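Observations on chain architecture
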Amino acid sequence: MNMIPSVSRQIAFVQYDDQSSSMTVQYHTGFKASYTNVKQDEYQLIFTSANRYDSLMRLTETRYMEGQSPTK
């Protein structure tokens, strides 16, 4: 399991589980959003990006647009 701490002022961390190919976004408010079927290379793009927040938003926007809304 991998974790990216402090992505932004709103997001406390992003966690990725390579066993289940799932990603969890933990907000500072306590809200958690989970995404399934996230490829490891998609997560790696967030991890290595100079602007992690924008990379995360692009990935989650794509997931939402594809009909995969986050679970709470």
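The coordinates are above.
Residues numbered from 1 in each chain as written. Predicted model: local features only at pLDDT ≥ 70, side-chain atom pairs only at ≥ 80, totals over all residues. Heavy atoms only, no water.

**What to know about the overall build of the protein**
The helix and strand inventory of the protein stands at two helices and four strands. By residue count, 33% of the 72 residues in the protein fall in the buried class. Total accessible area computed for the protein in this model is approximately 4700 Å², and 49% of it derives from carbon and sulfur atoms. (Helix = DSSP H or I, 4+ residues; strand = E, 2+ residues; numbered from the N terminus. Buried < 20%, exposed > 50% of the residue type's maximum accessible area, 1.4 Å probe, protein only. Areas by Shrake-Rupley, 256 points an atom, 1.4 Å probe, with all protein chains shown as cover.)

**A closer look at the packing of aromatic side chains**
With the rule as written, the count across this model stands at three aromatic pairs. Taken together, a centroid distance of 4.9 Å and an interplanar angle of 20° make the contact between Tyr16 and Tyr43 stacked. In this pair, Tyr16 sits in strand 2 (residues 11-17) while Tyr43 sits in helix 1 (residues 40-48), placing the two residues 27 residues apart along the sequence. Neither Tyr16 nor Tyr43 differs from the other in exposure class; each is buried. (Phe/Tyr/Trp six-rings, centres within 6.5 Å; stacked < 30°, edge-to-face > 60°.)

**Topic: the sheet that holds strand 2**
Adjacent strands of a sheet form backbone hydrogen bonds with each other and so pair up, either parallel or antiparallel. Taken in spatial order, the four strands of this open sheet run 1-2-3-4, and their pairing is antiparallel. At either margin of the open sheet sits one strand with a lone partner, and together these are strand 1 (2-5) and strand 4 (32-35). When the angles between neighbouring strand axes are averaged without regard to direction, this sheet yields 15°. Two strands pair when backbone bridges link them, and strand 1 and strand 2 are joined in this way by four bridges, in the antiparallel orientation. Opposite Asn2, over in strand 2, you have Tyr16 as the bridge partner. Strand contacts of helix 1: strand 1, strand 2 and strand 3 (22-27), with the helix running at about 25° to strand 1, the strand carrying the most contacts. (Pairing = 2+ DSSP bridges. Axes fitted to C-alpha atoms, helices over the stretch in contact; angles between N-to-C directions. Contact = heavy atoms within 4.5 Å.)

Just geometry here; none of it tells us what the structure is for.
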